[in-house]
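Residue-level structure breakdown
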Amino acid sequence: MENIEKKSSESAPNPDSGVPEAPKTFSLEVLRMIKDAQQQHGLRHGDYQRYRGYCTRRVRRLRKVLKLPQYDKRHYKKKDVSVGHLQGSRSDVRYLHIPLMMAERAWAYGMQLRQEANTEPRKKFHLVGKLRKACLYALQLQELSASDCCDARTRWEIEAYNAWMHGTLHFELSLWKSAIENLKRAQLVYQNLGDALPEEEQSLYRAKVDELTPSIRYCAYNIGEGASMDDLLELRAQGLLENLESLATQVKSQSTEALQTTEWRGRKMGVRPEKARLFLMSIQDLDKSIEKAKSIQAKIEILETVIMDCKDAITAIKEEIKQDPKLRATSQGGQIVGIHFLLSYLTYIRLMRTLERNMLLVKQAKASLEDASEGGGKKVRPQDMTRLYEIILQNVTELQQVPGLEEDEKYQEEILSLSTTFRAFRCYYIALTLVAMKRWKEAVALYERSMNYAKEALTSSPKAYNLAEELKHLISTIEGCKFSAHAYSVLEDDASDEAGAVFGRTQKSSKPLYERLSEYKEDATLHSKNPNVFKITPDMEPIPCKPLFFDLALNFIEFPSLEDKVESPGGKKQPAGISGFVKGFLGWGGASK
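The present account deals with the structure reproduced in this document. Remember, predicted model here, so these are calculated numbers, not experimental data. (Residues numbered from 1 in each chain as written. Predicted model: local features only at pLDDT ≥ 70, side-chain atom pairs only at ≥ 80, totals over all residues. Heavy atoms only, no water.)

1. A look at the overall build of the protein
The secondary structure content of the protein amounts to 20 helices and four strands. A buried classification covers 38% of the 593 residues belonging to the protein. Intrachain contacts of the protein at a sequence separation of at least 6 include 62% that bridge at least 24 residues. Split by element, the accessible area of the protein, about 37800 Å² in all, is 53% carbon and sulfur. (Helix = DSSP H or I, 4+ residues; strand = E, 2+ residues; numbered from the N terminus. Buried < 20%, exposed > 50% of the residue type's maximum accessible area, 1.4 Å probe, protein only. Contact = heavy atoms within 4.5 Å. Areas by Shrake-Rupley, 256 points an atom, 1.4 Å probe, with all protein chains shown as cover.)

2. Some thoughts on the packing of helix α6 (residues 152–172) against helix α7 (residues 176–196)
Taken N-terminus to C-terminus, the directions of α6 and α7 make an angle of 155 degrees; their axes are 8 Å apart at the nearest point. In terms of orientation, α6 lies roughly antiparallel with respect to α7. Two packed elements cross with a definite hand, and for α6 against α7 that hand is left-handed. Looking at the contact of α6 with α7 residue by residue, the classes come out as 13 nonpolar, six polar and four charged. (Axes fitted to C-alpha atoms, helices over the stretch in contact; angles between N-to-C directions. Parallel < 35°, antiparallel > 145°, perpendicular 65-115°, else oblique. Left-handed = near helix turned anticlockwise from the far one by under 90°. Nonpolar A, V, L, I, M, F, W, Y, C, P; charged D, E, K, R; others polar.)

3. Concerning the pattern of salt bridges
Tallied over the entire structure, the rule returns 19 salt bridges. With a closest N to O distance of 3.7 Å, Arg153 and Glu29 form a salt bridge. A residue pair is termed long-range when its members are at least 10 positions apart, and Arg153 in helix α6 and Glu29 in the loop between α1 (2–11) and α2 (30–40) qualify at 124 residues. Classification of Arg153 by relative accessible area gives partly exposed; the value is 21%. Salt-bridge contacts for Lys482 lead to Glu448; the nearest nitrogen and oxygen are separated by 2.9 Å. Residue Lys482 is found in helix α18 (residues 468–493), and its partner Glu448 is found in helix α17 (residues 440–459); the two are separated by 34 residues along the sequence. With relative accessibility at 17%, the residue Lys482 sits in the buried group. Since its relative accessible area comes to 34%, Glu448 is described here as partly exposed. Counted as one network, the salt bridges with shared partners bring together Glu29, Arg32, Arg153, Glu157 and Glu201. (Salt bridge = Lys/Arg side-chain N within 4 Å of Asp/Glu carboxyl O.)

4. Overview of the nonpolar core
In a soluble, globular protein the nonpolar side chains are often hidden away together inside. Phe279, Leu280, Leu346 and Phe422 are the most contacted members of the largest nonpolar core, which totals 68 residues. Every element with two or more residues in this core is listed here: α11 (274–282), α12 (286–292), α13 (296–323), α14 (339–373), α15 (382–400), α16 (409–436), α17 and α18. Top element by residues in this core is α14. It accounts for 15 residues. Not counting chain neighbours up to four residues away, the residues in contact with Phe422 comprise Leu355, Met359, Tyr389, Ile392, Leu393, Val396 and Leu467. (Core = buried A, V, L, I, M, F, W, Y, C linked by side-chain atoms within 4.5 Å.)

5. A closer look at the packing of α15 against α16
Interaxial distance between α15 and α16 falls to 9 Å at its minimum, and their mutual angle equals 165 degrees. Between α15 and α16, the interaxial angle falls into the category roughly antiparallel. Along this stretch, α15 crosses α16, giving a crossing that reads as left-handed. Along the lines of polarity and charge, the residues of the contact of α15 with α16 split into 15 nonpolar, six polar and three charged.

6. Description of the pairing of strand β1 (residues 261–264)
Residues of β1 alternate between two faces, with Thr262 and Trp264 buried on one and Thr261 and Glu263 left unburied on the opposite face. For β1 and strand β2 (residues 267–270), the ladder comprises four bridges, and the chain directions are antiparallel. Paired with Trp264 across the bridge in β2 is Arg267. Remark: two residues form the turn of the hairpin made by β1 and β2, two consecutive strands paired antiparallel; Arg265 in that turn has positive phi of roughly 55 degrees. (Pairing = 2+ DSSP bridges.)

7. Some words on α16
Here α16 is 28 residues long and its end C-alpha atoms lie 41 Å apart, about the 40 Å a rise of 1.5 Å per residue gives. At the N-terminal end of α16, a side-chain oxygen is found 3.4 Å from the backbone nitrogen of Lys410, two or three residues along, and the residue is Asp408. Just downstream of α16, Lys438 is the residue with a positive phi angle, here 60 degrees. (Expected span 1.5 Å × (residues − 1). Polar contact = N/O pair within 3.5 Å; in protein donor to acceptor, adjacent residues only side chain to side chain.)

Nothing here speaks to function; it is geometry throughout.
The following block contains the structure:
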């Protein structure tokens, strides 16, 4: 403690010196600071609760370090940051961090409640309260930056942050006019800041400008400043809008009465369910919104959103048919009438938009396949392309079976032309798969079939999706691939050793290396962990078994006489030897009388 006090006394200015202390000027990059904190503490995955906890801990640490606690041992005493804390010898830029983190904490709590409000509507009021508190802290931060202690860039960043926070609050309160004013002010400040900064720092501010654009367009839409339905579809595809029905009802309620009937393939039909009517109104400018999308992925998201809305409209029609027995009659005079033809129309829309979505997926996969062939990007195999065309052909088959159009010859010819076109592409990618498996003959046959399909499709002149140019390019590509696969198949048929040596083909052999030292053959197994050089365990070989010996000579052998060795009966008794002598001498062992 003594060392710390000595250092602080040395660094502090001497009031008796008579030299006035120069005021400090702080610089705070608000946008970069909060973006880094958000990405590192939960918002990369949309976890607002984790980010709120981080803000709470950050405020607690700042107050402890700056010696600005709001409590003692017993009581709570509120202490806000004032301009006096930013002046004098103990001024610190971290005083500005306190209201900023408190505003972020309240905003994160509000966004957490916004996620939970989908199932609990009462949390909407709590959400508004938290956003009001966030605006209060943002105003406090702006008042602190208005003093001379902050540089110009800090003041502009804090002003943009305050405008964005107020625009977010008014957006939730449906105060569209004030919301768009605040959001446009924040967008303008961020845009000017990005233009004034070096190029390496501009990306962050441009991303923020793009982030504010959808909210501004939605506010303009609600005010009635010319925003169209395709803008709403694009916003909903980005996950910013949830219910398309309510949006269409708000703006096009006056035109709903006009869309009581619709026409398709020369036949008029009534649009009875409200959900189907709103859906048909929402897709009037769909093609324009798809053209405006910047990337293939954005177009796919828009189409997926439309497909889900179409499924909801189809479900509504089926429910109405189920509830009303009068509508269950599907045909009259062999022709589908009434609401059933409307159901077929919506089914056709769903299948065509699904087909369009799948074509965009094919386009995306082709780009990835070309990048992978050049050594970069995600690896896409020909099998993946084949699978996509299989799905597309399933969609085409469903289009052929749409109720009410089975006898429409013109319609069936169009769908058949599409089917032939996609079969040509599918056969081509199946051939590429076989080429990778070195099945050359099958690949040549599929190349030929793909070319036949492509020529047949060109004669029917498919107009949908502008596939004529792609078919011509496919035919020119197949011509070269077919000759290449045929050449490889010829080389494969030549199995002679000389041809293998000339063309350097790898030949497999079961013989170990020591048995074919005089022959040159490339063997990839020699470079593996188990090379086929010599068999350590030799093979089993047949050998003669152990001979059997039979004692046949015994029958012809004359053995010597052993009579002199054997005691004859009745003969003279042989002497007993030393044992008998001892027995007689000692008096024992004799016969008892």
